[in-house]
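For reference, the chains in residue letters:
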Amino acid sequence: PTVTTASQPAPSAAAPIVPVDCDAAIRFSVWTVPCWDGAATLGDFADIDAAWQREPVGWLVGNGITTGISPTRFDPDGSLSRAQAATLIWRLVGSPTPPSDAPSFVDVPAGSYYEDAVRWMARHAITTGTGGNRFSPDAPATRAEFVTFLWRLVDQPGSNGDMPFVDLTAPWQVSSIRWAASADITTGTGATTFAPNATVTRGQAAALLARFAASVS
């Protein structure tokens, strides 16, 4: 699906980046795949130049998952904070209301735009915070952290695929990144590198989310 705007042409309609089957009702332990049937559009964003960013960002915009950092900027090369990462993932799954017993972190203010997202993720062990009852919302999200959130979202599946990357730095990174590689959610930053501790950019996050959505649709 496409929508053409005056400021940016819409992503190609040759094949939808995320297949739409609103009758499938694919369920995981804590969420059901929504009907992602919004028409892809870049809206008024004037800073999406790279071809690999256009379709993912257009899909996120069309499905109400991102509004960018301003009406005309998505900032694809900018850093994604942990609060922003949580919010994107929470919107992806339909913005569920966290249960009343959902944990709170001391550095997640009540009423903040990311409060519900973080509490919902914490309640379902998609995030455990950064220690000391903190979530570190303003810290940049790393590439490994972002992929691990997605892996936990689909119930931590195993993978028998080979690990193509040689630069992982911690045991907790291995299962999620191997899964993401085998599911074609990531191709890394090179043939044998993933850069797990590098900050995930907003453009990279958009691509990971769209590929993740395609993998579960």
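About the cut-offs
Residues numbered from 1 in each chain as written. Predicted model: local features only at pLDDT ≥ 70, side-chain atom pairs only at ≥ 80, totals over all residues. Heavy atoms only, no water. Core = buried A, V, L, I, M, F, W, Y, C linked by side-chain atoms within 4.5 Å. Buried < 20%, exposed > 50% of the residue type's maximum accessible area, 1.4 Å probe, protein only. Helix = DSSP H or I, 4+ residues; strand = E, 2+ residues; numbered from the N terminus. Contact = heavy atoms within 4.5 Å. Phe/Tyr/Trp six-rings, centres within 6.5 Å; stacked < 30°, edge-to-face > 60°. Lys NZ or Arg CZ within 6 Å of the ring centre and 35° of its normal. Lys, Arg positive; Asp, Glu negative; His and termini not counted. Salt bridge = Lys/Arg side-chain N within 4 Å of Asp/Glu carboxyl O. Polar contact = N/O pair within 3.5 Å; in protein donor to acceptor, adjacent residues only side chain to side chain.

1. Some details on the nonpolar core
Phase 1: In this structure, Trp31, Trp36, Trp59, Phe146 and Phe212 are the most contacted members of the largest nonpolar core, which totals 56 residues.
Phase 2: When residues of this core are traced back to their parent elements, those giving at least two are helix 1 (51-62), helix 2 (82-92), helix 3 (115-123), helix 4 (143-153), helix 5 (171-182) and helix 6 (202-216).
Phase 3: Here this core gets eight residues from one element, more than from any other, and that element is helix 6.
Phase 4: Discounting residues that sit within four places of it in the chain, Phe146 has contacts with Leu80, Ala85, Ile89, Val200, Ala205, Leu208 and Leu209.

2. Side note on helix 4
Phase 1: Of all the eleven residues making up helix 4, ten are buried; the element is thus mostly covered by neighbouring parts of the structure.
Phase 2: Those residues of helix 4 not exposed but buried are Arg143, Ala144, Glu145, Phe146, Val147, Thr148, Phe149, Leu150, Trp151 and Leu153.
Phase 3: In this fold, the buried residues of helix 4 make contact with helix 2, helix 3, helix 5 and helix 6.
Phase 4: Asp155 sits one or two positions beyond helix 4 and adopts a positive phi of about 70 degrees.

3. A word on the environment of Arg134
Phase 1: Along the chain, the position of Arg134 falls in the loop between helix 3 and helix 4.
Phase 2: Taking C-alpha positions, Arg134 is 5.1 Å from Phe105, a pair spaced 29 residues apart along the chain.
Phase 3: Once residues within four sequence positions are removed from consideration, Arg134 is found in contact with Phe105, Val106, Asp107 and Gly129.

4. What about the packing of aromatic side chains?
Phase 1: A complete count under the given rule lists eight aromatic pairs for this structure.
Phase 2: Relative to Tyr114, the ring of Tyr113 lies with its centre 4.9 Å away and its plane at 85 degrees, an arrangement referred to as edge-to-face.
Phase 3: What makes Tyr114 buried here is its relative accessible area of 8%.
Phase 4: Judged by centre distance (6.4 Å) and plane angle (70 degrees), the rings of Trp179 and Phe212 are edge-to-face. Taken together, the positions of Trp179 in helix 5 and Phe212 in helix 6 put the pair 33 residues apart, joining distant regions of the chain. Each member of the pair, Trp179 together with Phe212, is buried.
Phase 5: Through successive ring pairs, a cluster of aromatic residues spans Phe28, Trp31, Trp179 and Phe212.
Phase 6: The lysine or arginine in question, Arg82, covers the ring of Phe135, its NZ or CZ lying 4.4 Å from the ring centre.

5. Digging into the side chain of Asp47
Phase 1: For Asp47, the location among the structural elements is in the segment before helix 1.
Phase 2: For the buried residue Asp47, which engages in no salt bridge, the nearest side chain bearing the opposite charge is Arg73, 4.0 Å off.
Phase 3: A polar contact of 3.1 Å, which involves the side chain of Asp47, links it to the backbone nitrogen of Phe74.
Phase 4: A distance of 2.7 Å separates a polar atom in the side chain of Asp47 from the backbone nitrogen of Asp75.

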